[in-house]
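Topology and contacts: notes
Below, each chain spelled out in residue letters.
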Amino acid sequence: MDALKNDEIRQAVRQQYGRVAESGGAGCGCGPTCCGTSTASAETLSQGLGYTADDVGTVPQGANMGLGCGNPQAIAALKPGEVVLDLGSGGGFDCFLAARQVSETGRVIGVDMTPAMISKARANAEKGGYRNVEFRLGEIENLPVADGTVNVIISNCVINLSPDKLRVFSEAYRVLKLGGRLAISDVVAFAELPEAARQDMALYTGCMAGASLVSEVEAMLQASGFTEIRVVPKDESKSFIRDWAPGMDIAEYVVSATIEAIKSAT
């Protein structure tokens, strides 16, 4: 997206998700046109993405804003005692679910660049009595996390929003412990998006125009040092991606995928 400067993109994303945080975001999803117009609740949207009724019913009210394009928890296989990092943690939904799985002996760190989201997530953590979860303000291209301190990195429909994805994956590799793993849900492209779509800021902040091709994602992960890379597109996701940009054929270009990789222990 050469015509749009990186800082311009970050500012647009920050503003968009600041508005989502302040409005509560219920029923919003990722798309640029759906905020405030969808009749579906955040709970219904999340169950459509693969979360269970128990998942959406156990987090503090307001933590789940119906954002996302999948369920990274389903592939993360979190264990008690692990340290988990959520890239683009929003209201804290995935962090609170992860906290249950790592138990009191584990820890969860959420990073988000939107101050309103961090404030919301911290309030939710206090409301829910979560003592093993913390939220840090920062960019996922420059993680406020020490080297080699994290077992698992999760993320839900966020890395596509970054104008420097290689940097994100390199930072992820840096903070993971040896043998650590990525378990991500994100939007990827399976065909080249038209240039007009790529230059559309609303489609970018809506998780579509910034999607990288599957081959590009694999190459960036490999360049960052990851092994055992698996990018698995989910064709069934086209059914909800179509709703993100009504009247457009965006589902002919992008799809939700699970992205897994390992930082080798040797």
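Residues numbered from 1 in each chain as written. Predicted model: local features only at pLDDT ≥ 70, side-chain atom pairs only at ≥ 80, totals over all residues. Heavy atoms only, no water.

Okay, the overall build of the protein chain next. A tally of regular secondary structure across the protein chain gives 11 helices and 7 strands. Residues classed as buried in the protein chain amount to 55% of the 266 residues present. Of the accessible surface of the protein chain, which amounts to about 11100 Å², a share of 50% is contributed by carbon and sulfur atoms. (Helix = DSSP H or I, 4+ residues; strand = E, 2+ residues; numbered from the N terminus. Buried < 20%, exposed > 50% of the residue type's maximum accessible area, 1.4 Å probe, protein only. Areas by Shrake-Rupley, 256 points an atom, 1.4 Å probe, with all protein chains shown as cover.)

Whether parallel or antiparallel, the strands of a sheet pair through hydrogen bonds between backbone atoms. The strand order across the open sheet formed by 7 strands is E3-E2-E1-E4-E5-E7-E6, and the pairing between neighbours is mixed. Each of the sheet's edge strands pairs with one partner strand only, and the pair in question is strand E3 (133–137) and strand E6 (227–234). Neighbour-to-neighbour, the strand axes of the sheet open up by a mean angle of 15 degrees, direction not taken into account. Taken strand by strand, helix H6 (residues 115–128) contacts strand E2 (107–112) and E3, and its axis lies near 165 degrees from that of E3. Packing of helix H10 (residues 214–224) onto the sheet brings it into contact with strand E5 (176–189), E6 and strand E7 (254–262), and relative to E6 it is tilted by some 160 degrees. (Pairing = 2+ DSSP bridges. Axes fitted to C-alpha atoms, helices over the stretch in contact; angles between N-to-C directions. Contact = heavy atoms within 4.5 Å.)

The biggest cluster of nonpolar side chains holds 31 residues, and the ones touching the most others in it are Tyr17, Val187, Met208, Ile241, Trp244, Ile250 and Val254. Elements that contribute at least two residues to this core include exactly helix H1 (6–23), E5, helix H9 (201–205) and helix H11 (238–241). Among the elements that make up this core, the one with the highest residue count is H1 (6 residues). When near neighbours in sequence (up to four residues on either side) are disregarded, Val187 contacts Cys69, Cys157, Asn160, Cys207, Ala211, Trp244, Val254, Val255 and Ser256. Membership of the second largest hydrophobic core comes to 30 residues, among which are Val158, Ala172, Ile184 and Ala257. (Core = buried A, V, L, I, M, F, W, Y, C linked by side-chain atoms within 4.5 Å.)

Below, the discussion takes up the pairing of E3. Note: E2 against E3, 5 bridges, orientation parallel. Considered in E3, the bridge of Gly110 is made with Phe135. One crossover worth recording links E2 to the parallel E3 by way of H6, and it is right-handed. (Right-handed = clockwise from strand over helix to strand, strands pointing away.)

Among the 9 residues in E7, 8 count as buried, and that is most of the element. Taken together, the 9 bridges between E5 and E7 define a ladder with antiparallel strand orientation. Within the sheet, the bridge partner assigned to Leu182 lies in E7 and is Ala261.

Under the counting rule described, the total for this entry stands at 4 aromatic pairs. Ring centres of Phe96 and Tyr130 lie 4.4 Å apart, and the angle between their planes is 25 degrees; this geometry places the pair in the stacked category. Of the two residues, Phe96 is situated in helix H5 (residues 93–102) and Tyr130 in the loop between H6 and E3; the sequence distance between them amounts to 34 residues. Between the NZ or CZ atom of Lys263 and the centre of the ring of Tyr173, over which it lies, the distance is 4.7 Å. (Phe/Tyr/Trp six-rings, centres within 6.5 Å; stacked < 30°, edge-to-face > 60°. Lys NZ or Arg CZ within 6 Å of the ring centre and 35° of its normal.)

Before going further, it helps to spend a moment on unusual backbone geometry. The backbone of Cys207 shows a phi angle near 75 degrees, a positive value even though the residue is not glycine. The residue Cys207 is located in the loop between H9 and H10 in this model. Cys207 gets classed as buried once you look at its relative accessible area, which sits at 0%.

Turning next to the side chain of Thr114. By the secondary structure assignment, Thr114 is in the loop between E2 and H6. What makes Thr114 buried here is its relative accessible area of 4%. Among all residues touching Thr114, those that are not within four sequence positions of it are Arg14, Tyr17, Gly18 and Leu137.

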